[in-house]
Amino acid sequence: MQRFTNPRDIYHGKGALEALKTLEGKRAIICVGGGSMKKFGFLDRAQKYLEEAGMTVTLFEGIEPDPSVDTVMKGAAVMQEFKPDWIVAIGGGSPIDAAKAMWIKYEYPETTFADMCKVFGLPKLRTKAKFCAVSSTSGTATEVTAFSIITDYQKGIKYPIADFQITPDVAIVDPDLAETMPKKLVAHTGMDALTHAVEAYVSTVHSDFTDAPAIHAIEMIQRDLVDSYNGNMKARDNMHSAQCLAGIAFSSGLLGIVHSMAHKTGAVFADLGAHIIHGAANAMYLPKVIAYNAKNPEAKKRYGVIADYMKLGGKDDDEKLANLIAYIRGFNDKLNIPHCIKNYGADSYPTEQGFVPEKIFLERLPEIAKNAILDACTGSNPRQPNQEEMEKLLKCCYYDTEVDF
Ligand SMILES: NC(=O)c1ccc[n+]([C@@H]2O[C@H](COP(=O)([O-])OP(=O)(O)OC[C@H]3O[C@@H](n4cnc5c(N)ncnc54)[C@H](O)[C@@H]3O)[C@@H](O)[C@H]2O)c1
Ligand SMILES: [Zn+2]
């Protein structure tokens, strides 16, 4: 038996933010990030709509990108005090993910962060509040997924919380919110979405239910991502739906080791002054992982199917695979994303010598590889790498060398 779980309602299309007026309850807390939603007027509108619905509203503002355990605990304390029956998270993946974790702690105050990280081990939520997510970036699709990614800055590690309990009750996918994204965010979140769809399609627990949205998302991303990056707002709007479809695919179809490696390299060099941004990490690692996974015959066939849907040509699966890898690398070039960690600048753009020196990378490699193998996303990858293979793969991602094992 398999399970395919989504929010009860997904409101989508321009103006969907107004669906907040339909929520029924007494008290709503809006969880939001550092200012973009306020600056562009979406926060005020959200508050107004909830008040129109007859609710008393409070705000929890300032959730940082790649949210920390500390922020989660602070937000949960505010919720304990205010006692909302609706948690409305608005913004990118960061505020929505943080709000999901706050929700767990609010419902079960004795829960520790370690408890939350037990995969598919959460107690029943919704005893105190329901959850509505309004996404403003076109990538994580956390508005429809069973995941939340929280960073433990003491360890420099991102931990996925995974359980259908935290799938939101209501998702609002209003493209108006995505139109204000700066180019770099469009590039990174768009490649995150592509990675979600590709990993879900070849995952060991994929199903007909997850294949359908995954393939459609891939076709839409192929058509719209570069145009969206270059300022075409129709394409930007389409990308907002495409990333959500990719989310529907991976929330039940799960992911693979591109994400395991992105989670474990994202914050591990933070002491050097930068993060490897999630979507950029995925964009660099995806072609390498495709080459590695394709040693599994079933995965190779499925990558060939993706290449066919993308109309990339190729007379056999080897050619299709090569075309798919080349096409994805072409995306990186068009979106100004490097091909490897060595060339990843502190500003995320390609540069001769990036912010992670070779020596430090090699010193930390065994630990990173160990943690990546343990990541919750590794289990559904078509091949299970051992320590040696994971280290080799990560080296290919550092130097941009060929994967031949
Ligand atoms: N839960 C999941 O399933 C899942 C999946 C993938 C990634 N993630 C996590 O999500 C986080 C990344 O989320 P993200 O990529 O959405 O970015 P983000 O939420 O971290 O936001 C990045 C920056 O963009 C700004 N921003 C957001 N929306 C904007 C808009 N419409 N206009 C202008 N500026 C805007 C924010 O203020 C912030 O400064 C990471 O922590 C990642 O690990 C979660
Ligand atoms: Zn992702």
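Residues numbered from 1 in each chain as written. Chains lettered and ligands numbered in written order. Predicted model: local features only at pLDDT ≥ 70, side-chain atom pairs only at ≥ 80, totals over all residues.

Engineer: Is there a simple way to explain the domain arrangement of the chain in this structure?
Structural biologist: Think of interface size as the accessible area that goes away when the parts come together; that is how it is often given. If you check the domain split of the chain, you get domain 1 (9-178) and domain 2 (183-399). With centres defined by C-alpha atoms, the gap from domain 1 to domain 2 works out at 25 Å. With 24 residues of domain 1 at the contact, the number on the domain 2 side is 30 residues. Secondary-structure elements contributing two or more residues to the side of domain 1 that touches domain 2 are strand E6 (147-152), strand E7 (157-162) and helix H6 (175-178). Among the elements that make up the side of domain 1 that touches domain 2, the one with the highest residue count is E7 (four residues). Class assignment for the residues of the side of domain 1 that touches domain 2 results in twelve nonpolar, nine polar and three charged. (Domains from an automatic or database assignment. Contact = placed C-beta atoms within 7 Å. Helix = DSSP H or I, 4+ residues; strand = E, 2+ residues; numbered from the N terminus. Nonpolar A, V, L, I, M, F, W, Y, C, P; charged D, E, K, R; others polar.)

Engineer: Sorry, what's going on with the nonpolar core here?
Structural biologist: When a protein is soluble and globular, its nonpolar side chains tend to lie buried together. Formed by 133 residues in total, the largest nonpolar core has its most connected members in Cys 31, Val 88, Ala 197 and Ala 217. It is helix H7 (residues 183-202) that provides the largest number of residues to this core, a total of eleven residues. Both domain 1 (9-178) and domain 2 (183-399) contribute no fewer than three residues apiece to this core. With sequence-adjacent residues up to four places away left out, Ala 197 is seen in contact with Ala 214, Ala 217, Ile 218, Ile 221, Ala 246 and Ala 249. (Core = buried A, V, L, I, M, F, W, Y, C linked by C-beta atoms within 7 Å. Buried ≥ 20, exposed ≤ 12 C-beta atoms within 10 Å, placed from the backbone.)

Engineer: Looking at this structure, how should I read helix H9 (residues 233-253)?
Structural biologist: Each α-helix turn comprises 3.6 residues. Residues three or four places apart therefore point the same way. Taking 1.5 Å per residue, 21 residues should reach 30 Å; H9 reaches 30 Å between its end C-alpha atoms and fits that length. Leu 254 occupies a position one or two residues after H9 and carries a positive phi of about 65°. (Expected span 1.5 Å × (residues − 1).)

Engineer: Would you take a moment to explain the packing of helix H11 (residues 278-293) against helix H13 (residues 317-334) for this structure?
Structural biologist: The geometry of a pair of packed helices is captured by two quantities: the angle between their axes and the separation between those axes. Taken N-terminus to C-terminus, the directions of H11 and H13 make an angle of 175°; their axes are 9 Å apart at the nearest point. By the criterion of interaxial angle, the relationship of H11 to H13 is roughly antiparallel. Between H11 and H13, the residues in contact are Ala 283, Leu 286, Pro 287, Ile 290 and Ala 291 and Leu 324, Ile 325, Ile 328, Arg 329, Phe 331 and Asn 332, respectively. Considered class by class, the residues forming the contact of H11 with H13 number nine nonpolar, one polar and one charged. (Axes fitted to C-alpha atoms, helices over the stretch in contact; angles between N-to-C directions. Parallel < 35°, antiparallel > 145°, perpendicular 65-115°, else oblique.)

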